[in-house]
Amino acid sequence: MSNSSDSNTPPEKLWGGRFTEPTDAFVEAFTASVQFDQRMYRQDIEGSRAHARMLKKINVLTDEDLQALLKGLDQIEQEITDGKFEWSIAREDVHMNIEARLTEIVGDAGKRLHTGRSRNDQVATDIRLYLRDQIAFAIAEIRRLQTGLLDLAEREANTIMPGFTHLQVAQPVTFGHHLLAWFENMHRDASRLQDCARRLNVLPLGAAALAGTTYPIDRHFTAEQLKFDDVCRNSLDAVSDRDFAIEFCADAAILMTHLSRFSEELVLWSSAQFNFINLPDRFCTGSSIMPQKKNPDVPELVRGKTGRVNGHLISLLTLMKSQPLAYNKDNQEDKEPIFDTIDTLLGSLRAFADMIPAIESKKENMYKAAKQGFSTATDLADYLVVKGLPFRDAHEVVGKAVAFGVDSNKDLSEMSLEELQKFSDIIHKDVFDVLTLEGSVAARNHIGGTAPEQVLKAVADGRERIK
Ligand code: ARG
């Protein structure tokens with residue numbers, strides 16, 4: 001192996017000094033991560049810039065070295081962005097690819113960059129920086145989706161639909177109110193991600209391999225350069241902790257579970273049986289055999305993709321569960337689950353943020369469905385309670401009226417006053433005010449309730465909350 005110390009050609013293996021034979025070709029490919037970790041090249045370069053500036057500050061690097069390194073790093077960033085950088089499996093990972101190329105470009109200064117640093121604290125830094133950026137993108141997409149939900153909820157504040165429990169018609173609700181339930185889910189998802197971003201925003205660099213370093217490093221200076229809020233307080237923890245990644249995947253799994261449930265509703269609602277909404281053609285696809293088909297592929301796929309994100313969470317938990325401190329190569333296996341979680345999450349959020357504002361409601365069908373299933377039965381019971389009947393007795397009276405309705409195929413609002421009075425003589429003409437769907441939803445006029453007035457208030461409130 002060539003381990004030259006004076007030429008600008010770095011050795012093939014940056015760690016080759018103690019080895020007496022070349023790496024087995026299969027092992028080389030098996031242990032490499034550059035195929036996937038090259039995505040973190042910007043973060044790796046940014047981390048190297050900060051580390052180099054810190055080394056200069058403590059006089060481990062001269063200003064000449066620093067300038068050479070910064071120039072070289074700029075050039076490498078450009079080469080990678082332009083697709084001209086030659087990634088090498090022999091150089092194993094993104095860190096050693098960039099470092100080796102740096103030495104090719106700037107010579108000895110390149111070889112000095114790794115002073116007081118290890119790939120262990122370097123990779124931990126890169127993932128944190130990478131996740132921090134991606135979480136910001138995800139939150140921006142959640143806000144876009146929430147904005148779409150608020151706009152649609154405002155348009156649908158008066159639209160009446162059946163509310164379900166057990167997927168049986170329960171009580172009438174407004175479509176706007178139903179949509180705002182998803183707004184609340186998304187709001188918590190964003191806040192969980194913010195929380196995760198705050199907790200992960202701590203600098204591992206300085207931990208070096210595991211025990212820290214003998215140089216008089218200034219970790220706070222490095223942290224400031226990279227906009228970290230603090231430095232990791234224990235070097236062993238700094239290089240081995242991946243709980244921030246687990247937390248991210250857990251947040252993503254919860255978010256995807258919300259989108260998956262929402263998807264399920266969109267699939268049901270756009271079916272001929274429900275027929276509550278129309279999903280515009282541009283979000284659907286057809287069948288290669290059945291000419292009449294229009295399939296809700298986007299929500300179906302989001303529902304399906306939730307499985308892989310849940311899987312990634314389990315992968316990371318399992319990856320970490322038996323690792324003694326500190327760094328173990330197992331950790332290289334964290335990247336693909338993290339990256340696929342990011343891609344799936346951002347793709348699904350984007351699809352939803354684009355699709356939601358385009359949903360068209362079929363108001364008449366929703367209204368008709370809300371009328372089925374005696375959805376104002378609770379309103380009749382509440383009416384009897386106001387007139388003095390204990391709730392349990394009222395429940396019994398209404399149950400009998402419903403049984404009559406089932407036999408005679410009549411909704412409560414379609415029965416005559418005489419028919420209703422057969423079940424209780426305290427029922428009067430004013431009962432019809434509460435038996436209509438409009439009366440039922442309008443009466444639930446408190447914060448968190450389904451009344452159109454409350455929906456409009458919640459929309460205005462929501463707009464403030466996501467500002
Ligand atoms: N590619 C490695 C990873 O992703 C970088 C750290 C390697 N450290 C080591 N001591 N082999 O975890």
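None of the values given here were measured: they were computed from a predicted structure.

To continue, consider the overall build of the protein chain. The helix and strand inventory of the protein chain stands at 20 helices and six strands. Here the protein chain has a C-alpha radius of gyration of 31 Å; the compact-globule value for 467 residues is 23 Å, and the former is much larger. Considered along the principal axes of its C-alpha atoms, the protein chain spans approximately 105 × 55 × 40 Å. Relative to its full complement of 467 residues, the protein chain shows a buried share of 50%. For the protein chain, long-range pairs separated by at least 24 residues make up 74% of all intrachain contacts whose partners lie at least 6 apart in sequence. Of the accessible surface of the protein chain, which amounts to about 22300 Å², a share of 53% is contributed by carbon and sulfur atoms. Within the protein chain, one finds 55 positive and 70 negative side-chain charges whose respective centroids are separated by 1 Å.

As a further point, take helix H16 (residues 391–408). With 18 residues, H16 extends 25 Å between its outermost C-alpha atoms, agreeing within 8% with the 26 Å of an ideal straight helix rising 1.5 Å per residue. Restricting attention to buried positions, one finds in H16 the residues Ala 394, Val 397, Val 398, Ala 401 and Gly 405. Taken around the axis of H16, the buried residues stretch over an arc of 95°, which confines them to a single face. Counted as exposed and oriented over 90 degrees from the buried face of H16: Arg 392, Val 406 and Asp 407. If you follow the buried residues of H16, they end up packed against helix H15 (377–386).

Our next topic: the confidence of the model for the protein chain. Per-residue confidence for the protein chain gives a mean pLDDT of 95, with 99% of residues at or over 70. The low-confidence segment residues 1–5 (pLDDT under 50) makes 13 contacts with residues lying over four places distant or belonging to another chain.

What follows deals with the site of the ligand. The full set of residues close to the ligand is Ser 33, Asp 37, Asp 93, His 95, Arg 119, Asn 120, Val 123, Tyr 327, Gln 332 and Lys 335. Separating a nitrogen atom of the ligand from a side-chain N or O atom of Ser 33 is a distance of 3.2 Å. A distance of 2.5 Å separates an oxygen atom of the ligand from a polar atom in the side chain of Tyr 327. Protein burial of the ligand: of its 340 Å² of free accessible surface, 86% is covered by the chains. When residues of the shell around the ligand are assigned to their parent elements, the largest contribution, three residues, is made by helix H7 (residues 119–155). For the shell around the ligand, the residue count by class is two nonpolar, four polar and four charged.

About the criteria used
Sequence order as written defines residue numbering, which begins from 1 separately in each chain. Given that the model is predicted, a residue must reach a pLDDT of at least 70 before its local features are reported, and side-chain atom pairs must reach 80 or more before they are shown or counted; all residues, however, enter totals for whole chains, interfaces and linings. Side-chain calculation: all heavy atoms of the structure are included, whereas hydrogens and water are not. Elements are defined by DSSP. Helices are runs of H or I of four residues or more, strands are runs of E of two residues or more, and each kind is numbered from the N terminus. What the globule rule says is 2.2 Å times the number of residues to the power 0.38, and the radius of gyration is computed from C-alpha atoms. For each residue, the accessible area found with a 1.4 Å probe, counting protein chains only, is set against the maximum for its type, and the residue is called buried under 20%, exposed over 50%, and partly exposed in between. Contacts between residues were defined by any pair of non-hydrogen atoms, one from each residue, lying within 4.5 Å. Here the open area of atoms and residues is found with the Shrake-Rupley method and a 1.4 Å probe, where only the protein chains shown may cover a residue. Positive charge is attributed to Lys and Arg, negative charge to Asp and Glu, and no charge count is given to His or to the chain ends. In this description, the location of a charge corresponds to atom NZ of lysine, CZ of arginine, CG of aspartate or CD of glutamate. For a helix, the expected span equals 1.5 Å multiplied by the residue count minus one. This arc is taken over the directions from the axis of the helix to the C-beta atoms. Known as pLDDT, the predictor's per-residue confidence is scaled from 0 to 100. Whether a residue is near a molecule or strand is decided by its heavy atoms; if any one of them lies within 4 Å of it, the residue is near. Here a polar contact is recorded for every N or O atom pair within 3.5 Å, except that within protein the pair must consist of a potential hydrogen donor and a potential acceptor, and residues adjacent in sequence are included only if both atoms are side-chain atoms. Classification used: nonpolar for Ala, Val, Leu, Ile, Met, Phe, Trp, Tyr, Cys and Pro, charged for Asp, Glu, Lys and Arg, polar for all others including Gly.

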